[in-house]
Structures are given as structure tokens and as C-alpha cells.
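Commentary on secondary and tertiary structure
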8 protein chains.
Amino acid sequence: MDKIASLKDLVEDLGFAQVDHAREIRQGFPEVVYSAGKTKEQLLAILKSLHAKSNGNLIASRASKDQFEFVLKDLPDAKYSEEARMIYFDRDQTCVRDPSRMILIMTAGTSDIPVAEEARLTAYLYGNHVESCYDCGVAGIHRLLGKLDLIERANVIVVIAGMEGALASVVGGLTARPVIAVPTSIGYGASFNGIAALLSMLNSCAAGVSVVNIDNGFGAGVLASKINKTNLKE
Amino acid sequence: MDKIASLKDLVEDLGFAQVDHAREIRQGFPEVVYSAGKTKEQLLAILKSLHAKSNGNLIASRASKDQFEFVLKDLPDAKYSEEARMIYFDRDQTCVRDPSRMILIMTAGTSDIPVAEEARLTAYLYGNHVESCYDCGVAGIHRLLGKLDLIERANVIVVIAGMEGALASVVGGLTARPVIAVPTSIGYGASFNGIAALLSMLNSCAAGVSVVNIDNGFGAGVLASKINKTNLKE
Amino acid sequence: MDKIASLKDLVEDLGFAQVDHAREIRQGFPEVVYSAGKTKEQLLAILKSLHAKSNGNLIASRASKDQFEFVLKDLPDAKYSEEARMIYFDRDQTCVRDPSRMILIMTAGTSDIPVAEEARLTAYLYGNHVESCYDCGVAGIHRLLGKLDLIERANVIVVIAGMEGALASVVGGLTARPVIAVPTSIGYGASFNGIAALLSMLNSCAAGVSVVNIDNGFGAGVLASKINKTNLKE
Amino acid sequence: MDKIASLKDLVEDLGFAQVDHAREIRQGFPEVVYSAGKTKEQLLAILKSLHAKSNGNLIASRASKDQFEFVLKDLPDAKYSEEARMIYFDRDQTCVRDPSRMILIMTAGTSDIPVAEEARLTAYLYGNHVESCYDCGVAGIHRLLGKLDLIERANVIVVIAGMEGALASVVGGLTARPVIAVPTSIGYGASFNGIAALLSMLNSCAAGVSVVNIDNGFGAGVLASKINKTNLKE
Amino acid sequence: MDKIASLKDLVEDLGFAQVDHAREIRQGFPEVVYSAGKTKEQLLAILKSLHAKSNGNLIASRASKDQFEFVLKDLPDAKYSEEARMIYFDRDQTCVRDPSRMILIMTAGTSDIPVAEEARLTAYLYGNHVESCYDCGVAGIHRLLGKLDLIERANVIVVIAGMEGALASVVGGLTARPVIAVPTSIGYGASFNGIAALLSMLNSCAAGVSVVNIDNGFGAGVLASKINKTNLKE
Amino acid sequence: MDKIASLKDLVEDLGFAQVDHAREIRQGFPEVVYSAGKTKEQLLAILKSLHAKSNGNLIASRASKDQFEFVLKDLPDAKYSEEARMIYFDRDQTCVRDPSRMILIMTAGTSDIPVAEEARLTAYLYGNHVESCYDCGVAGIHRLLGKLDLIERANVIVVIAGMEGALASVVGGLTARPVIAVPTSIGYGASFNGIAALLSMLNSCAAGVSVVNIDNGFGAGVLASKINKTNLKE
Amino acid sequence: MDKIASLKDLVEDLGFAQVDHAREIRQGFPEVVYSAGKTKEQLLAILKSLHAKSNGNLIASRASKDQFEFVLKDLPDAKYSEEARMIYFDRDQTCVRDPSRMILIMTAGTSDIPVAEEARLTAYLYGNHVESCYDCGVAGIHRLLGKLDLIERANVIVVIAGMEGALASVVGGLTARPVIAVPTSIGYGASFNGIAALLSMLNSCAAGVSVVNIDNGFGAGVLASKINKTNLKE
Amino acid sequence: MDKIASLKDLVEDLGFAQVDHAREIRQGFPEVVYSAGKTKEQLLAILKSLHAKSNGNLIASRASKDQFEFVLKDLPDAKYSEEARMIYFDRDQTCVRDPSRMILIMTAGTSDIPVAEEARLTAYLYGNHVESCYDCGVAGIHRLLGKLDLIERANVIVVIAGMEGALASVVGGLTARPVIAVPTSIGYGASFNGIAALLSMLNSCAAGVSVVNIDNGFGAGVLASKINKTNLKE
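Definitions and limits used
- Residues numbered from 1 in each chain as written.
- Chains lettered and ligands numbered in written order.
- Predicted model: local features only at pLDDT ≥ 70, side-chain atom pairs only at ≥ 80, totals over all residues.
- Heavy atoms only, no water.
- Least-squares fit on C-alpha atoms with pLDDT ≥ 70 in both.
- Contact = heavy atoms within 4.5 Å.
- Pairing = 2+ DSSP bridges.
- Helix = DSSP H or I, 4+ residues; strand = E, 2+ residues; numbered from the N terminus.
- Axes fitted to C-alpha atoms, helices over the stretch in contact; angles between N-to-C directions.
- Buried area = accessible area lost by both parts, 1.4 Å probe.
- Salt bridge = Lys/Arg side-chain N within 4 Å of Asp/Glu carboxyl O.
- Polar contact = N/O pair within 3.5 Å; in protein donor to acceptor, adjacent residues only side chain to side chain.
- Nonpolar A, V, L, I, M, F, W, Y, C, P; charged D, E, K, R; others polar.
- Domains from an automatic or database assignment.

By a simple turn and slide, chain E fits onto chain F: the slide is 0.0 Å along the axis, the RMSD is 0.0 Å, and the turn is 180°. On the angle and the small slide along the axis, the relation comes out as a two-fold axis. Rotation axis and chain E: the residue whose C-alpha lies nearest the axis is A166 of chain E, separated from it by 2.5 Å. When you check the interface residues of chain E against chain F, 100% turn up at the interface there too, and the contact is symmetric in its surfaces.

Here's what the structure looks like:
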């Protein structure tokens, strides 16, 4: 608890934000900024604060192109993935992305790719070796069965699907590795913006499947990385 | 419309029920009685009326054992399936159950069998050849793939599943035949008594899948029979 | 299962999509593209791949006019139905649209017509004889009763309705043929974008009615075609 | 407002209940007691208070048989309808039940009858001429069309239905009189204890249909009576 | 039933619409057109058909200004209420709007007025004497109590409220007349676009209150008129 | 933060429970035990631990009679309110229940009394002067208006109501004091076990109304006490 | 009740609004105008009426910049907070903002600040001393623990959070003062526009936490002020 | 894919069940039986089949005591945990439960312990070293902070909580290890049997938290074990 107490001094008070420079110490990666609902000025100020105090990779998730362009003026090493809606700084040269601990990102359809890219880019920036396999949903099961070798090589699997989200259950039954299921808002009508896929994944008949929020590619990427680095102390 | 008008005379008014003896003429099978919420006396009176005016098979769905025993005293040829919760009269000797037009009833798990039995018995009483294949859910896809020949032989397929209901999508992708999906209330927590499976099936990424109410084995059996008899006029 | 294994080689990997050329073999119609959430470039690439490998009719559902115009530049035989939001290629000269196996598309109101056109065009492209009857909802039951002859001639009926969706139950009680009910998002307030009609149809007191997703005219068209072609092997 | 102020003195304070003897003056019928959640002792005390201060008919709705038997000991003119779950006192000899202002109670099925009986008994005790017509749901539309004369004679119509509740829309389209729709909890699965019927009735495509709470036969009976007595001052 | 059959001939088939000229005969007012989801051309064609075959007042509800201007070119006696979003033709000179049968339209707040105007204009066009009283919600109960005389004079009361919709219960307790409650989508957060008010009104502790769809001023106006004309045959 | 750290030593670890003896220091009242889901043995052990270490009043909420009788054997000064489902120890002789800071507990109906008693007893044990006024719902507004003096005397008001919960809004508009609204599960059908009242109260048009969980009389009692003791340091 | 009656004369009838000049007498602050859904002209007329009859501070909540600019022309002392979406008149020179009765406004994140500003400005205009502390959510608990002194000094605490809203429970456990929790619509996917935070706060395991509507900073500010002024009569 | 094909032969067809002896090969642990909805006879037959073909530990989850006693007669080495509702066979002597890869099971309250025990026992039977820490919810944050050392030692953390489920977010912010959140149905009213906790956990502001179904202790135990064994191939 003294440790917690000491962390207080690592918080920088910007008035509208308490920037947590302790995050990197506690969790091995700097604080990530959730950009939605923040003004351009607020976002820039927080990123500048993090940029100055850390040498690690940085992420501002759910950022608009407009926010990016505003940030870029003051922080010229910022990069942007329009598909993943992510501003990022890829500057940590110390990452060792070990292919023997591969994270596999799968999608059921092409329309799920933006969420997948958010997951892929996050896991990459957190220092992992990532591979992907998009559009292999269960309506044509042979498409999936053609990827069995890839599935077998993975250490952690992220399965991203909208509509009925059945891919998570099928993959969960094919692997002994942990599966992180990400429901997406792809679909219409009774998909209810991802609720159908969310419920489907929560009720997966395959054990060992857990779920993150709808469209939460970022969270899946972080969790995959955390799992991938479990046991590393040994 | 004269035809409709003439049907009026085939309705028998019991006060608490308008027994529709015209159903057999219009739809080829006598009126089916929904037993839930009816007193034993009401149920018996309706069945006696149908029994007297038709020689066809009769069905009282969602009937309790208690209701059955009361009915049996007056109508000794009544039979009861406890699993399917169905009172029935299997007395139509004219049925030709053509194996080349096979209806296949599949379930994802063992716990879905009561709903499956309701579907199976209904389709049988409507005069169809029915086969079944239980507990072949997607968590072990090889269990399903081992049934490909059976799936290929079917003319219509009824897929019954609770939890995430993924079986409907996978089967829907494997066959060119119509698939009737029946969500069941098997599951717990966020299965919400079958809502998860219902939404999953409504959003199936495989085209050609349609859905009936949660636990509605009876409706699936009727529809499968109607589909199976389509084109018979030719 | 060897059959399934062999299908793998018919999948074309575009990176963002696994185009399934096996669909036509398994299901008798080429893979259909769900256009929502795809970029123009992705859509075109998939359609070109399908166009090159098959001579059948092709469908890209839920496509915008913008997507169509982009596709048209490279694939000049593409057509577009703005009402049905569908890009299609009507080039299969071998279709025999048998009027004795008529699919009937009905709507409760005029506002439901776009969904109906999606169903109608799909069933047509799948090689069926289709007729339609729009705006015959139950608030004036004589409008429906005036169509009894049409209903009687149909082999399969698709009933499309928003608001309270009562038309499905009434039609379901008038016919011995299978009824596919399509709830639409037409309505306001407690229609909840089609939930009221969806629940209504799932609880239809007429047996033999099944339901597809809200506004899913495409799925209804495919299913109607699959039902219509059941028993054709005989 | 002086009038309101003067009503205060007509309230009898029992501690656990404020018995409103002013109700009869304001609304023409003594206060009705909602029995669910009240102890037998509370219910009896309230009824004794009303019984002593009024000569009108009295109603305790949603009462158990157990509550009735306890009440009966002290108030021997109490009566009980088990079907309608209602304790009542039918002692107003001044009622003129005018057949030319007939209230018609209709149900879609036999299982809806308990709710209908609550409506019927309520409207009767409020001094109306009531007729009924049970089990005429839309799955066999000729059953309903056979009742057109009855529908035409009604001054107000109460339509009671569970499952998809389509009867309200069809009757609403057949009459120029006001229709009160009562959804019931009859059904299973996606009927969600009456939600499907409730939504269906709220979205009725027939204008002039309004809705009361699920299973609220009592409320429908009161409203039908209020409508029936509108214009009586002229 | 012969009557129903004869109505068929009064239906005009426009292809996209079955215009029901029988409505005026059955219900005393020409068919009303729901404009949402219809093209300008469809709307005009339907209105022209009704305009030609009837001399009564006409209503096209939920119409945009754009639709109105298109209609106006061909039907110069069309009028438009932007607040009520209604195109109408006020041409029936035979209406006797009897002040002794007054319909009262009340709202809880100023923001509910558009729905109220739809109800008011509808009831007016149906030939009723209508008065209104806006912004008398329960947060300042003296505002409501100041309107007691008005409430007492009414024959039917329409109560329109968003947020928690409590006004319906309070008015329901003050009057012996029927109350039609209209929930509106006014509010935010947990009002869920009118669901809070809808549920509140359905559960009103005052008997004699019924409910129509969220924002359905039109339906409330029609029902109020139907109630107001009940008993007129005597 | 040293303060927080020091509190750790005041936690007693029973294995299945971490009894928080620091609660009394931080919040002025010993930890309250939520009894639902605990075994009799667990409940007793926790109460014994609290009983030994504090001289204050103690509360075990949502306790069954069975749990009480088990506790009573070892802790003979335990008391039980069956209505409030509460085991309690009323032993703090130092309470000064100041009538000039009166907490008023109101209910809309008689059936809401159990929740009210939980609130009343809680506030009493926390050392407040409490008065109550039950069954003064809005359907007869004169019942409420007859209590204006009582309302005016209150320092904090707890309003408890099921069904449509309108009482909270009306009271909120009558007082300048804070109102705590407690929705109850009293009602049926579309009350959805208290959801209707909950939403109604959250959307109250009267400002200054806040809401606790459905049936949470205990929470309302604690909050009323906390509010009542605000400013006491002055 | 004479008092209530006398208030009627303080209502100014603008036709579209009943302006309640009695509010200031009953509740100590002039009526507040909810601007959403009102036209510019309506809003101005109401504000002019209030402005003329009171010398207190005035608030028009949920106002657009457009509405403000229209108001400003006629009422040049109007001010506007774009963040809080509030038009206000800060002209009451008699307010004594007592720092010993401090209201603390806390947010979990930066994106919650607009709601917080609405609460802060409201409480300020109602005459309170307000302090704030933004972006101290629980994901880094040391940020919160660094604010313990501030929390301890507060008389009432408003906790504003979106996503999972956990901050309310943690703060509720740290203080003996009342906590008003405000869920915000910040989040995505299964936050369902604030439902997740709302439910979380309603189920807080810390007693003494109550909840207002999603994004209802205004209501929280009023309630905090009402609580803060409780006991002032002593 | 040949591998998949070969697995087919490892399926034992019991008619009502397809026992999957391949599970152990694919996933390292025999098939687990979901007991709910199965008859005693079905459960026994499946367990006997698994018992005969494997030497590993066996689990039948969600089993009643009644089912256990029936199983015990034929399989005398069966054990039963009433708290975890689990029949199990603890016979694998080869497990090495490595304390340096500790799985920590935490609960917010005492009432959550049954779910925790299901998770704990599952993870133990899968061959892991498991520790636990119960009743350390956030309402008294010092209880949690007193467990920081334990949290720091864990390799994977399972957080189990009902009500508002805030513990998952707080723990997620304190650790760099993966957190599996299990919502429980503990609570009442607006906890909606675990929905509040489920939504809360899905929206956790701490990244690296994933969620399983409500009350799914078993799934959490399996997933924790899978994560714990990730990287073991190195």
C-alpha cells in the first residue's frame, strides 16, 4: 500500500485530466487515451504530457482524422490508422516480437476488419508478433478448416465477428489456447448493433472463450498481449 | 370468398371455444389444441369434438400428464409423450411416409431433446418420414462433420439449439435445403431463456435459415411438413 | 468429409476476403456479397473474382448507388435496383421459371415495398416465377380477402409487414403452404424499428409460419427459392 | 378547487390505508381495492369501511381464494369469481343495463378467458349490458367473420389476446366503435409474458385502438364502462 | 359476410397501393394515408384517388413539407400543418361540432405540443369540438388544479406527456370521463425515447386510462372522436 | 492515505468474509450485513464479530425468519421485523432523534408498506426521528393534498411507489426538500417488477428527486439519514 | 390547501406555456426552463416572463447556441456555457456561498466534463460553494486516493461517470456524506448510451448512493443544493 | 483437416449424446458434461463412457445432489461439491500444480462464493495451483488494498462479483496480469439477475479485462487454466 501511495506523485494534474505516468510502471505500457468526447486541445495536451515523460509506444484510441491532424502539428512523429481510428507513436525500439508466441486475429467477414485492425495494431504496439486471417466465417466451414494449421500455431486467438458471432464457438472448440471474442456491430435488424453477437459469444458452448465489449478491438489487443506475456517471469 | 363464408358452418361453438372443423379442409390436418391455460374439462371437450368429426391424427400440444390422464378416461386411444408434452391420436392409416422426402431433426445438445421430440412427433403425425441426430453441437465440429451424409440425404432440416445456437449457421452453410432453426431455452445467465439463441439464429450469416419461437418444436414440425409437401400437386 | 476438404481449393484468398467459389457447387448459386461495411474497392474485387469464375447470376445485397457506380465502370453488365439496394448480374439464360411453382410476395403496406422488392428480385435471380401483391394489410380485411385466389395459387408465400405484423398470422391461417414472415422497420414509437413486428410474427397463432431478420428481404427470397426447389430431385 | 379541498374530509385514515369515500362522488363508483400484496386483515378492514359507507357495488380485484374466505366471515354478502380472481358485492339494485349500449368482450383463445371474465364482471358491476364471444382468433378468419353481426351491434369492444395479439387490428378495421385492446400473458418463449401482444396492439395499423396493461381485464372493464356512459348527460 | 365481400369492389388497385374507398362506408371517414416511407409520387396518387371518390375531409399523416409541396401542385385545396406534420383537406361542410361533447387535449409540457396539435387537428377534421390546455404538468400541481373546470366540462380527455408521464394518472383520478394517454418521446437518457412515459401510462394507478403508441397524436384523435360519437345512434 | 492504510488492521478475516470494523469510524455506523445468499452459519459468524466489536445498532437486511431464529439462539438481543425482513439490534442509547429534523416516509399504496418499513426502521436505527404517511397515491390527489402540512414539516422525504410511481414527481413539486424515490416491484404486466416505476422516477419532471434501486428501502433509509446529518458539523 | 389554491394566481398563461411564478416562493428558486423541443420564440417569451417577475438567477437548460443568440437580442444580460449547454442569468447579489458547506463535483474521465459543468454551474447559481475534481476514475485507484482530503472536506458529493460507473461505489465507500451519482452516455457498444453506468450505480454496494437520470447534470446540481440547504432552518 | 476427419472415429454415439473422446486429445482435458436438463440416466451413461475411456479428471457441471447420488451408485469414486454444484472425479495423479503460476480467485461478497468455488475447483482439477480471497468488494477499498501482495503474486486473476461488479475494474487497474471477470446473479431489483454486473464488466475502464457468462464459474476456471498454460510449449 505504500507502493500505491507513492504512485500519487506520478499523476500530472492538467485540470481536465489526471495523467497517470504510473501506468507504465504498474502495467508495462503508458496510459492509453480514449479520444472520443475529448476536444482536440485536451487530446493534444494529454499526449504531449505522455510523450514527454515516456519513451514507450503511445496510443490514442477512437480518434478522428481531425484530431490526428491537430496532434500532428505539435507531435510530428504521430501516425494514424484510419481503419483502426487510432493515433499512435511507434518508437519503442526495444520490442522483441517473438514469433513463437504468435497472436492470431481472425474475422468472420470483411466488414469486421476495422475492429480487427484496432486489435492487431494494439497488440503490435504492445510488442507482440501478430498474424491475421480475415473473412473465414462459418457459413462456409471449409474456409475455416483451411486455416487449421494457422490456428494450431497461435498462442492466443482473437475472434472478431458480427451478426450471429458463431465463429467464436467453432474456433473455441478447435483450439486448446485461450480465445478472446469480440462482437462487432456489423449486421442489421435483430443484430441490434452487436447485441446478438455479444450474447452469442457469452453463451458459447465451447469453454475457454471470454468476451470484451462490442467493437472493442483495442481491449482485445491489450488482453491478448497480457495473456501472451503471462509466465514470462519464469 | 364464398369459400370462406361456407367455412363458418363448420365451426362448432362450445362457448369457451370455437372448434374449427374447417381446418382439415383448408390445411389438410385437423385443428391442433394448445393445452396450456386450458382446464382439463375444456381440453377434453375440444378433443372429443375433434375426435368425433375427423378420422385424422390429432394433437394437443403443451399438455401436462394430468391433462392427459383426464382425457384418457373418455378417449382411450389417446397417447402421451412426456418428453414432448404432447397428447396425440395416431390413427390415420393412410399416411405414406416417403423416405425420399426425409425430414431431419438435429440438436446441438442432449438437453435440447424434449423440443426435438415435439418436432419429430409432430412431423411424424403429419405423415412424414423423419430421422434425427442429437447432440452434434459445434464445440466439437468433427461430431457434425461425421453426419454429412445424413445432412445430404435430408429434404428439410430442423436445427434445434440453445445457448449460442451456432449450429443453425453451420448447418445452413452445409446444405442447399431449407433450414428451420428452433432456439431453445437451454442455458443460463445471458442466454436469457433462449433470447441469445433466438437472436443468433435470426442473424445467421447463412442464407436460407428461418426461425420459429423459442422452444417451438411443434411449429417447426408443422412447417417442415408443409415444406415437405410443397410441389406435391405436380 | 473428403468433399469438404476438397472445397478448400475453391477458396480464393484476397487478403481481406476469402471468396468462396465452392458455394455454387454446394448450394446451386454463387456466393452473395453483403456490401454494407465494405469499401468500393473491396466490393469490386470480390465481384470481379466471382464474375470471372462463374456464369451464374450474381448478387451484391445492401449496396449503395455509389458502390454500384464504382462497380459499373469495370463490370458493365452490372445492374442496380435502387429500391432493393441491390447490384445484380442477370445473365443465367438457363433458368426455367415454372409458373406452377409460384412464389408470392405480399406486403401489408406501401412503405414495405423496398423490402419486398429485395425478396422478389432475389427469388427471380434464383430462377423462380414470382408474383406480388402489395398493400393488403389487415386493417381492411376485404382487401386481403379479395386476393384469395392468388394466395391459393402460390407454392410458397413471403409476407412482409411492419407495425404489428398481423398479416402473417392471417395469411398463415388461410393457406396450407409455408409462409415466410419478414418483419420490417416501418413504424414508429413502440414499433422499435421492427421489434414489434418481429415478436408478433414469432408468436403467430397460425402454425407453419417462420421468420427471418428484420428487413431481410434477401434472406426471405433465398429461403423461398430453397423451399420451392425442395423435392425437385424426384 | 374548493371541491377538491372538501373531498379531504371524505378520506378515512386506517393507518395502512387512506380509504377514499370521495371516489363514488367524483367517479360514480366506490373505490376499488387492489388486493395483491395486502394482508387478509388489511383487505377486510378496507372492505368493511367501504361496505359501511356506500350502497354501491364493490370490487376487490386480484384477490386470492384465501383472501375471499377470510373476508366472507365478516361480510357474508361477498361473492367470488375464481376465474376473474375477484371478490365483489353485487348489491346495487338501481343499475339499468341498457342492451342498446352493449359492451362486447372478445378473446382470441380459450386461455384468455380469465382476463375476459375480469373485464366482463367489472363492466357488469359498473351497470352495463355485456355480451361475449370467446376463441375467435385470426388463425381461422372465418370464425371471426361469423361474428360480424355481433360486432356490429356493439357500442364498445374489448379485444383480449395473447401471443401475437393480431385480433385487435382485425377487429379495429371492422368497426367504427372504439376498441380497447388487452394483451394477455398467454404464450411462451418470445411472447415474453405478454410483451409481444402489447407491442403488437400499440402498433395496430387500425386507428381507434387503445391499449391497457397486460392482463388488465379490470382496467378494460372500467374504461369500457366510462366510454359507454359518455354522452349520457345529454 | 356478404357485406364484406361487396366491399372488395370498392378497392382501387394502384399496384403499390390498394386504396380502400370502403373505409368511409364502414367507419364514417375516408382512408387516412400514412406518408412516412412513401415517395411523393405514391402519396400524390393515393390522395388523388381519395380526393376524386369522396367529398369528406382527408388526412395524410406524418407528411414532410416536401411531400406537401408536391401534392399541392395537383391538389390546390391541400393544407399543411408543419407542427402536426399533416397534409389535410378541410372541405366537409356538414360537420356539426357540438360544444356539449367537447374533446380536451392536454399536455404536460410545451415540447409535447406537436403531438397535441396532431391529435387536435385530427379530432377537428373528424367533426368534433376540441379545446386544449398545454403545459400543465404535475411538477407544479396548482397549474393543473387551476384547470379543474375545463376538465369537468370535457367529454373525452387526451393527455399527452413525455418524461415520466405522470399527468395521465393525476388527470385519470380527477375525472369520470375516459382518458386517452399519449406518451411522447420528449426527454433524454432513461426516457428511452418515450418508453418511460409509455410504461408509466400503462401502469397508471387510475382506472379508465388507456394508451396509444408513442407520439401517436393521430391515433388519439381518431379514438377520441370514435368515443365521442359512441351512443349517437340513440 | 495513511488513514486508509491504517484501516486495514480493522478488517477481521473470517475466510468467507472480511468483516469491516472500520466502517463505524469512517461512516458513523457499523457495517450492515446483506443476508441474502448467505448461509445461517455465515450470517451468525459475521453478526457475532460485529456484535463483539461495537456498541452501536446493528442491521442484517434481507434476512429470512429462518436466519433470524438461528441468530437468536446465540445473540438473544436480536430483534426481527418480518415486514421489513430485517434482523436488528437496537442498543445504542446515545441516539438523539431530533424532531426538528424529521424524515418523512410516504407510500403510494398499502402494498408498498414492506419497503417503507425497511426504510423507516433503518432511518430510526441510524438515529433519526421518522414519521410516515402510507397510501396517498395520486389517483385521488385530495388524499395527498390533505398531507401538505406533514410534507412541509419534513427535512428529507422518502417516496415509495410501484406501478407508475407518479407520486415522486408530485411530491417533488410540492417541497423544497430533497426527495429520495424508491420504486417498488408492486404491479403486474408492464410494470416489469418495478422497471416502470424506476424509469418514471428517473425521468421525474420535478428537479431534486433522486432514485435508489427497486425495493431498496434500506438504501433509502441510509441516504435519508446521511442527508439529515449533513451540516451537523456546523 | 388554501396555499396551493392561492398559487394558481401566480401562473401566467402564455397559451403554449403556463409560466409558474410560484416556484420561487415554494422552492426558493425561479422555474427552470427545459429548452429542448421549444422554438426560439417560445423560449424567449418564457424567459422574458420570468426575467420580468423575479430578481433571482435564471436557468434555461439544454439550450443550443442558436437559442442563446436569439434570446440575447432581447435579454442582453443572458450568459451561455457551451459546455453545459445552459443559458443563465447570474444576477442574484444576495447569494452567500459558504465554503464550509462545499459541494464536490467529481468525474471519472475527461469526456464526462460537460455533464459535470452543468451540475457545477447549476449548484453555483443556486447559491452554493462548489469545487471540482475531474478524471479520477478507478482504473488507477491512486489518482482517487490522492484526492482523499478533498473528499473529506465535502458536504455533498456528485459523482459523474460513464462506461461502468464504478467510481460512485468507491467514493460511496470512502465518505459519510450523501453521494449523488450521475451516469453519463460516455462509452460505446454495451454501454448502451449510459445504461451500463445507470444500472451499476443503482446497484452500488455502497449504501447512501442515489442516482439521477443519464447525463442529468442539472438535476444533480439542484439536488446537491437542496441537500446542502437542508437543516438551514435550525 | 485429415486430423479433424480422424477425430470422427473417437465419437461414441449413445443416441441421445455423441460423447467426444477426442476432446482430451485436442484440448488436454476430457469432455465436460453440462448436467442441467439431462436425466439421471443420461448423465450416468455419459459419465460411464468418459470414465471408461480416459484416466483424466472428469467434471459434470451444474449437477444436482440428486443426480450425484444416482451417479455414485455406479461410479463410486465420484465426488460432489454442493456449493459448486459439481460432480467430479479427482484421479489424475500426474498434475503438477506449480505455485509460481498461481491463479487467484477473488469475490466481492460472501454471497458470490458458490460461483467462486465452481471456478476454483475447475481450475484445480485442470491441474493448477489456485488461491482465493473472498469478500473484498470496493465499498471498503482498504479491504482490497490489504490484498495487494496476493494480487501481485498471481499469474491470472478471476474476479467474481454481483450487484454493480465494480471490483473487476479496480483490480484490472492494479495488475498487469489478465483479469477474467465473472458477473453473478447476486443482487435484486435493477441488478436484473446479473445484467448490471455483466454490463459493468463489459464496459470496464481498465483494459485487459474480459468477461464470461453470468454465474459461469466453470468457464472462468477453464479459461484461467488455458491462459495459465499458454507459453508452456517454450
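This part takes up the sheet that holds strand 5 (residues 79–81) of chain D. All names here are of chain D. Reading across the sheet, the four strands line up as 3-4-6-5 and stay open at both edges, with mixed pairing between neighbours. Lying at the two open borders of the sheet, with one neighbouring strand each, are strand 3 (33–34) and strand 5. When strand 5 meets strand 6 (residues 86–89), the two strands line up antiparallel, connected through three bridges. Considered in strand 6, the bridge of S81 is made with M86. Relative to the sheet, helix 3 (residues 40–53) contacts strand 3, strand 4 (58–61) and strand 6, its axis offset from that of strand 4 by approximately 165°.

Attention now goes to the side chain of S200 of chain C. For S200 of chain C, the location among the structural elements is in helix 9 (residues 195–202). Excluding its chain neighbours within four sequence positions, the residues that come into contact with S200 of chain C are E164 and G165 of chain C together with E164 and S200 of chain D.

On to the relation of the copies chain A and chain H, then. One copy of the chain maps onto the second through a rotation around an axis plus a translation along that axis. Overlay of chain A on chain H (RMSD 0.0 Å): rotation 180°, translation along the axis 0.0 Å. Most of the interface of chain A is mirrored in chain H, where 100% of its interface residues again form contacts.

Contact residues are listed per partner, giving 24 residues for chain E and 24 residues for chain F. Carbon and sulfur atoms make up 71% of the area that chain E and chain F hide from each other, which totals about 1,900 Å². Taken together, the connections running from chain E to chain F amount to zero salt bridges. Seen at the junction of chain E and chain F, the total is eight residue pairs in polar contact (both at pLDDT 80 or more). Considered class by class, the residues forming the side of chain E that touches chain F number 17 nonpolar, six polar and one charged.

To continue, consider the interface of chain A and chain H. Listed by partner, the interface residues are 42 residues for chain A and 42 residues for chain H. Counting each side, the surface lost to burial between chain A and chain H is near 3,700 Å², with a carbon and sulfur contribution of 52%. Between the two partners, chain A and chain H, sit zero salt bridges. For the pair chain A and chain H, the interface holds 16 residue pairs in polar contact (both at pLDDT 80 or more). Looking at the side of chain A that touches chain H, the elements with two or more residues in it are helix 1 (2–7), helix 2 (23–27), helix 7 (148–153), helix 8 (167–174), helix 9 (195–202), strand 11 (209–211) and helix 10 (217–229) of chain A. With seven residues, helix 10 of chain A is the single largest residue contributor to the side of chain A that touches chain H. Looking at the side of chain A that touches chain H residue by residue, the class counts come to 19 nonpolar, 13 polar and 10 charged.

Our focus in this paragraph is the domain arrangement of chain A. Residue and element names in this part refer to chain A. If you check the domain split of chain A, you get domain 1 (8–89) and domain 2 (102–228). Roughly 1,100 Å² of surface becomes buried between domain 1 and domain 2 when both sides are summed, with 67% attributable to carbon and sulfur atoms. In this structure, the connection of domain 1 to domain 2 is made through zero salt bridges. Secondary-structure elements contributing two or more residues to the side of domain 1 that touches domain 2 are strand 4 (58–61) and strand 6 (86–89). Sort the elements by how many residues they give to the side of domain 1 that touches domain 2 and strand 6 lands first, with three residues. A per-class count over the side of domain 1 that touches domain 2 returns seven nonpolar, four polar and two charged.

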